Amino acid sequence: MPAHDEVDRVVDAWTRERPDLDFAPLQVLSRVGRLARHLERARRAAFAASDLELWEFDVLSALRRAGAPYQLSPKALLQQTLVSSGTMTNRIDRLVERELVERRTDPNDGRGILVVMTPRGRERVDAAISELLRGESELLDALSGPDRERLSALLRKLSLDFD
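Throughout, a residue's number is its position along its own chain's written sequence, starting from 1. The predicted origin of the model limits local features to residues at a pLDDT of at least 70 and limits the giving and counting of side-chain atom pairs to 80 or more, whereas totals for whole chains, interfaces and linings rest on all residues. The basis for every side-chain value is the complete set of heavy atoms in the structure, and neither hydrogens nor water enter the calculation.

Participant: Could you clarify how one ought to interpret the sheet that holds strand β1 (residues 71–72) in this entry?
Facilitator: Pairing between sheet strands relies on hydrogen bonds along the backbone, with the strands arranged either parallel or antiparallel. Read across the open sheet, the 3 strands follow the order β1-β3-β2; overall the sheet is antiparallel. At either end of the open sheet lies a strand with only one pairing partner, and these are β1 and β2 (101–106). The rule for pairing is simple: two strands pair if DSSP sees at least two bridges between them. Only DSSP runs of H or I covering at least 4 residues are called helices, and only runs of E covering at least 2 are called strands; the numbering of each starts at the N terminus. As paired strands, β1 and strand β3 (residues 109–117) are joined by 2 bridges and run antiparallel to one another. Following the sheet pairing, L72 is matched in β3 by V115.

Have a look at this one:
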């Protein structure tokens, strides 16, 4: 492990120029930001390999996590993906065009609609999650199992106030 990384160099320079300020937050959050960029690249690559966009993966993965028969109401999809109803309608339309999902009438409510993942959609999301986990594991290769668990616990503690 290198003694200093780019964040150390940035913080050292700022500390030299502004010794009156505490740059401790940069030590953590600048690294989180840099790692987020690497994670974004890994995600884009995983989804591209499965011919999916990020938003398509979000919708399909919500359906996949719902379990067989891989269906949810548009309202449930809204809650899981945190987008507006207009955006979700557009996303569902585009996924239907790509034959990754179908719209079906809810058998329990004739006025309701269910979004159902097709076998093709399941194949794509399963391939994408496998590729994503491979890529994300590579990003964490420098950490031991216990280090990963500690980091996960610390990030969970930090993120609880935001979720």
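Participant: Could you clarify how one ought to interpret the nonpolar core in this entry?
Facilitator: The tendency in soluble globular proteins is for nonpolar side chains to be buried as a group. In terms of nonpolar packing, the biggest core is built from 23 residues, with F47, L52, F57, L60, L63 and L77 touching the most fellow members. Secondary structure elements with two or more residues in this core: α2 (24–49), α3 (54–65), α4 (74–81), α5 (85–97), β3 and α6 (119–139). Among the elements that take part in this core, α3 stands out by supplying 6 residues, more than any other. Ignoring any residue separated from it by four or fewer positions in sequence, one finds L63 in contact with Y70, Q71, L72, L77, V101, V115 and M117. Buried Ala, Val, Leu, Ile, Met, Phe, Trp, Tyr and Cys residues that are joined via side-chain atoms within 4.5 Å together make up what is termed a nonpolar core. Exposure classes here rest on a 1.4 Å probe applied to the protein chains alone. A residue is buried below 20% of its type maximum, exposed above 50%, and partly exposed in between. Contact criterion: two residues are considered in contact whenever any of their non-hydrogen atoms come within 4.5 Å of each other.

Participant: Explanation requested: the packing of helix α1 (residues 6–17) against α2 in the structure shown.
Facilitator: A pair of packed helices can be characterised by two numbers: the angle between their axes and the separation between those axes. Lines fitted to the C-alpha atoms define the axes, with helices restricted to the stretch that makes contact. Angles between their N-to-C directions range from 0 to 180 degrees. Across the interface, α1 lies against α2 with an axial gap of 10 Å and an inter-helix angle of 140 degrees. The orientation of α1 relative to α2 falls into the category oblique. As for the relative orientation of α1 and α2, their crossing is right-handed in sense. Within the contact between the two elements, α1 uses E6, V7, D8, V11 and W14 and α2 uses L26, Q27, S30, R31 and R34. Within the contact of α1 with α2, the residues separate by chemical class into 4 nonpolar, 2 polar and 4 charged. In these notes the angle categories are as follows: under 35 degrees is roughly parallel, over 145 is roughly antiparallel, 65 to 115 is roughly perpendicular, and the rest is oblique. If you view the pair so one helix is near and one far, a crossing is left-handed when the near helix is turned anticlockwise from the far one by less than a right angle, and right-handed when it is turned clockwise. Throughout this entry, Asp, Glu, Lys and Arg are counted as charged residues, while Ala, Val, Leu, Ile, Met, Phe, Trp, Tyr, Cys and Pro are counted as nonpolar. The remaining residues, Gly among them, count as polar.

Participant: Could you clarify how one ought to interpret the packing of α3 against α5 in this entry?
Facilitator: Their axes nearest at 11 Å, the elements α3 and α5 cross at an angle of 90 degrees. With respect to α5, the axis of α3 lies roughly perpendicular. Where α3 abuts α5, its residues W55, E56 and V59 lie against M88, R91, R94 and L95.

Participant: Can you help me understand the packing of aromatic side chains in this one?
Facilitator: The geometry of an aromatic ring pair is captured by two quantities: the separation of the ring centres and the angle between the planes. Aromatic contacts are taken between Phe, Tyr and Trp rings whose centres are within 6.5 Å, Trp giving its six-membered ring; a plane angle under 30 degrees counts as stacked, one over 60 as edge-to-face, and the others as tilted. One pass over the full model with this rule turns up 2 aromatic pairs. Ring plane angle 25 degrees and centroid distance 6.0 Å describe the contact between W14 and F23, whose orientation is recorded as stacked. Aromatic side chains F47 and F57 sit 4.4 Å apart centroid to centroid with 25 degrees between the ring planes, which places their arrangement in the stacked category. Of this pair, F47 sits in helix α2 while F57 sits in helix α3, and the two are 10 residues apart along the sequence.

Any functional reading would require information that these geometric values do not contain.
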